[in-house]
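Working through the structure, step by step
Each chain is listed here by its residues.
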Amino acid sequence: MLTVSRNRPTRGSVCHRCQIIRMFILIAVAVSIFAIVVDESARFLQMVTPERAAAAIWIGGGAMFLIKLVAWRLQIRKANADRVPTEPPIPDTGKTGRKYSR
């Protein structure tokens, strides 16, 4: 059932299912209105082909990947720059009582 859930959202928060349904209805209405208004005068839409749409998706995805990769690398670099270098511990041979020989 869509309405019954074990995890009830806190009061004042938005249900994600409701958001998705609202967006779908809004987009469907917008496409319907666009189709009615445009009619046959939409010659500029002829340049949209499946190949061009696929190329746009690939280019957009690649650009987003590169942006996220650069942001991730900058975050790692910043985290490493914030660290304070420490000196390595000096071994204390007096505490163990061992003598090191070759």
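Remember, it's a predicted structure, so these values are computed and weren't measured experimentally.

Cut-offs applied
Residues numbered from 1 in each chain as written. Predicted model: local features only at pLDDT ≥ 70, side-chain atom pairs only at ≥ 80, totals over all residues. Heavy atoms only, no water. Helix = DSSP H or I, 4+ residues; strand = E, 2+ residues; numbered from the N terminus. Buried < 20%, exposed > 50% of the residue type's maximum accessible area, 1.4 Å probe, protein only. Areas by Shrake-Rupley, 256 points an atom, 1.4 Å probe, with all protein chains shown as cover. Expected span 1.5 Å × (residues − 1). Patch = residues over 30% accessible without salt bridge, like charges linked within 9 Å, V, L, I, M, F, W, Y side chains within 5 Å. Salt bridge = Lys/Arg side-chain N within 4 Å of Asp/Glu carboxyl O. pLDDT = per-residue confidence, 0-100.

With that settled, the discussion passes to the overall build of the protein. Helix and strand content of the protein: 3 helices and 0 strands. Taking all 102 residues of the protein together, the buried fraction comes to 2%. Total accessible area on the protein stands at roughly 10,900 Å², and carbon and sulfur atoms take up 65% of it.

Attention shifts here to helix α1 (residues 16-38). For an α-helix, 3.6 residues make a turn, and residues three or four places apart therefore share a direction. An ideal rise of 1.5 Å per residue puts 33 Å on 23 residues; α1 measures up with 33 Å between its terminal C-alpha atoms. Aspartate 39 sits one or two positions beyond α1 and adopts a positive phi of about 55 degrees.

As a further point, take a nonpolar patch on the surface. Together, Ile21, Phe24, Ile25, Val29, Ile33, Ile36 and Val37 give the surface a local cluster of nonpolar side chains, amounting to about 740 Å² of exposed area. The class of valine 29 is partly exposed, set by a relative accessible area of 43%.

Averaged over all residues, the pLDDT of the protein is 80; the fraction at 70 or higher stands at 75%. Mean pLDDT per element in the protein: helix α3 (residues 93-96) is the minimum at 60, and helix α2 (residues 50-82) is the maximum at 93.

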